[in-house]
Each structure stands twice: as C-alpha cells, then as structure tokens.
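# Reading the structure
Letter by letter, the chains look like this.
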Amino acid sequence: AHAAKMAKEHQHDTAAASPATVPEPAQAVVGEEVAYATLEGVTVKGYLVRPELVSPDGKPLPALIVIQEWWGLNDNIRAMARRFAGEGYLVLAVDLYEGKIATTSETAMAAMQGAMEKPARLVENLRQAHAYLTNQKKATKIGVVGWCFGGGWALETALQIPDGIDAAVMYYGRTQSDAKALASLKAPL
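### Considerations on the sheet that holds strand β5 (residues 142–147)
In spatial order, the strands read β1-β2-β4-β3-β5-β6; together these six strands make up an open sheet with mixed pairing. Each edge of the open sheet is held by one strand with a lone partner, namely β1 (29–39) and β6 (167–171). Taken over all neighbouring pairs, the strand axes of this sheet differ in orientation by 20° on average, direction set aside. In the sheet, β5 pairs with β6 via five bridges, with the strands oriented parallel. Bridged to valine 144 within β6 is alanine 168. Here helix α2 (residues 75–85) sits on the sheet in contact with β1, β2 (42–51), β3 (63–67), β4 (90–93) and β5, set at roughly 40° to β2. Against the sheet, helix α4 (residues 119–136) contacts β1, β2, β3, β4 and β5, and its axis sits at roughly 130° relative to β1.

This is the structure in structure tokens:
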C-alpha cells in the first residue's frame, strides 16, 4: 500500500536532479565509491565524500549517512552528498537498492518494493554503514538524512541505532506516530 501511494505521489516526477543540487559545494570536496557493507556475501558500495582539505586519514569529522529517495543512489543523491561534504562533513551516501537505479516511476516502485521485502537486510545495511563511519573513519558524531523512501529509513536508522545516531532528518517519507515504536528514539528528529 505504501509503494502504491508513493507511485501515485511521484507519477509525474522524474529522476532528474533537484535544483537544490545545482549549486556547487561551499568548499572543494573529494568523492569516491567505497565498499562499506557485506550482506550475505554481497559487497555493498556507497559514495563517500569529504572536504578536499581534510586528508582521508586526517582529523576525524562529523559524519552523515545519506539515504536515497526512491530512485536509488543516483547522481542527484551524489550531488547532495557533495553539498553536505562542502559544509565540512564526511558523508556516506548508502545504497539500499544494492546497485539498482530507477529512471521511471514503475522501476522505482519495483526497486522500493523489492528492498522493503527484506527490512532486516536494510537495517543491517545501515548498521554496517554506521560501523564503517565509526570504526574505519573515526567519525566524531553521526547524523542521518534521507528523502522520500530514505526519509522513512532515516527515522528507522535513528530508532535502530539509538546510541549511535546523533541527529536524524527526514525530508518527507513514511513517518511513525506510535509512541511505543518511537520509545527508542534518542536523537533529535
């Protein structure tokens, strides 16, 4: 039902970049594809971005986990990750679709439905992203931000990793209003 609602809301949308991603980052950034998780033997790659003036093994930075909208980890999400890195963050744009990128509402709905069939896999993907930033990159704090499909998963990440997420931002997405389900939330939302 949620996927059908999303399809209706996005029926006239395209996967084209948002105007919010058009401005260049506030400072020069460097990005690369990294392997941050292994799920049942499958390597999951994301897009890691940092300010250019901070060496990869230099001073630890506050970090953001960026979660895609229902289109997948596309150029729009990579551009938003670069914008956040330009503000001084280490940014990991995760890939909850594990390599699939949608270009139509129909393929986006199918990708989202496929991912949502395995919610434990999505949670593990996000846990490993958090562990990557904590253990390998020594992030000083970790926030999570997502849009649409990713907005709901930003909240879910804060609920699933309550002692590891310092802030969560939902740019629209599936919300939660059950007080019992929200009981583990510690981060500002």
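Read on, since the account is not over.
### Some points on a nonpolar patch on the surface
A grouping of Val169, Tyr171 and Tyr172 is seen on the molecular surface, where their side chains present a nonpolar patch of about 290 Å² in accessible area. Looking at where tyrosine 172 falls in the secondary structure, it is placed in the loop between β6 and α6 (179–182). Take tyrosine 172: its relative accessible area is 47%, and that puts it in the partly exposed class.

### A closer look at the pairing of β3
A regular strand carries its side chains on alternate faces of the sheet. Burial within β3 is extensive, with five of its five residues counted as buried. By the alternation rule, side chains of β3 split into Ala63, Ile65 and Ile67 and Leu64 and Val66, which are all buried. In this region the chain leaves β3, passes through α2 and returns to the parallel neighbour β4; the handedness of that crossover is right-handed.

### Structural notes on unusual backbone geometry
A positive phi is found at glutamate 40, a non-glycine position, where the angle reads about 50°. With respect to the helices and strands, the residue glutamate 40 is situated in the loop between β1 and β2. Non-glycine residue lysine 138 carries a positive phi angle of around 55°. Accessibility expressed as a relative area gives 52% for lysine 138, which makes it exposed.

### Notes on the pattern of salt bridges
Tallied over the full model, the rule gives four salt bridges. A salt bridge links arginine 121 to glutamate 98, with the nearest nitrogen and oxygen atoms 2.7 Å apart. In this pair, arginine 121 is assigned in helix α4 and glutamate 98 in the loop between β4 and α3 (105–116), connecting sequence segments 23 residues apart. Two residues, lysine 186 and aspartate 163, come together in a salt bridge whose shortest N-O distance is 2.5 Å. Pair noted here: lysine 186 is in the segment after α6 and aspartate 163 is in the loop between α5 (149–160) and β6, with a separation of 23 residues, a long-range link. By relative accessible area, aspartate 163 is classed as exposed at 65%.

Analysis parameters
- Residues numbered from 1 in each chain as written.
- Predicted model: local features only at pLDDT ≥ 70, side-chain atom pairs only at ≥ 80, totals over all residues.
- Heavy atoms only, no water.
- Pairing = 2+ DSSP bridges.
- Helix = DSSP H or I, 4+ residues; strand = E, 2+ residues; numbered from the N terminus.
- Axes fitted to C-alpha atoms, helices over the stretch in contact; angles between N-to-C directions.
- Contact = heavy atoms within 4.5 Å.
- Patch = residues over 30% accessible without salt bridge, like charges linked within 9 Å, V, L, I, M, F, W, Y side chains within 5 Å.
- Areas by Shrake-Rupley, 256 points an atom, 1.4 Å probe, with all protein chains shown as cover.
- Salt bridge = Lys/Arg side-chain N within 4 Å of Asp/Glu carboxyl O.
- Buried < 20%, exposed > 50% of the residue type's maximum accessible area, 1.4 Å probe, protein only.
- Right-handed = clockwise from strand over helix to strand, strands pointing away.

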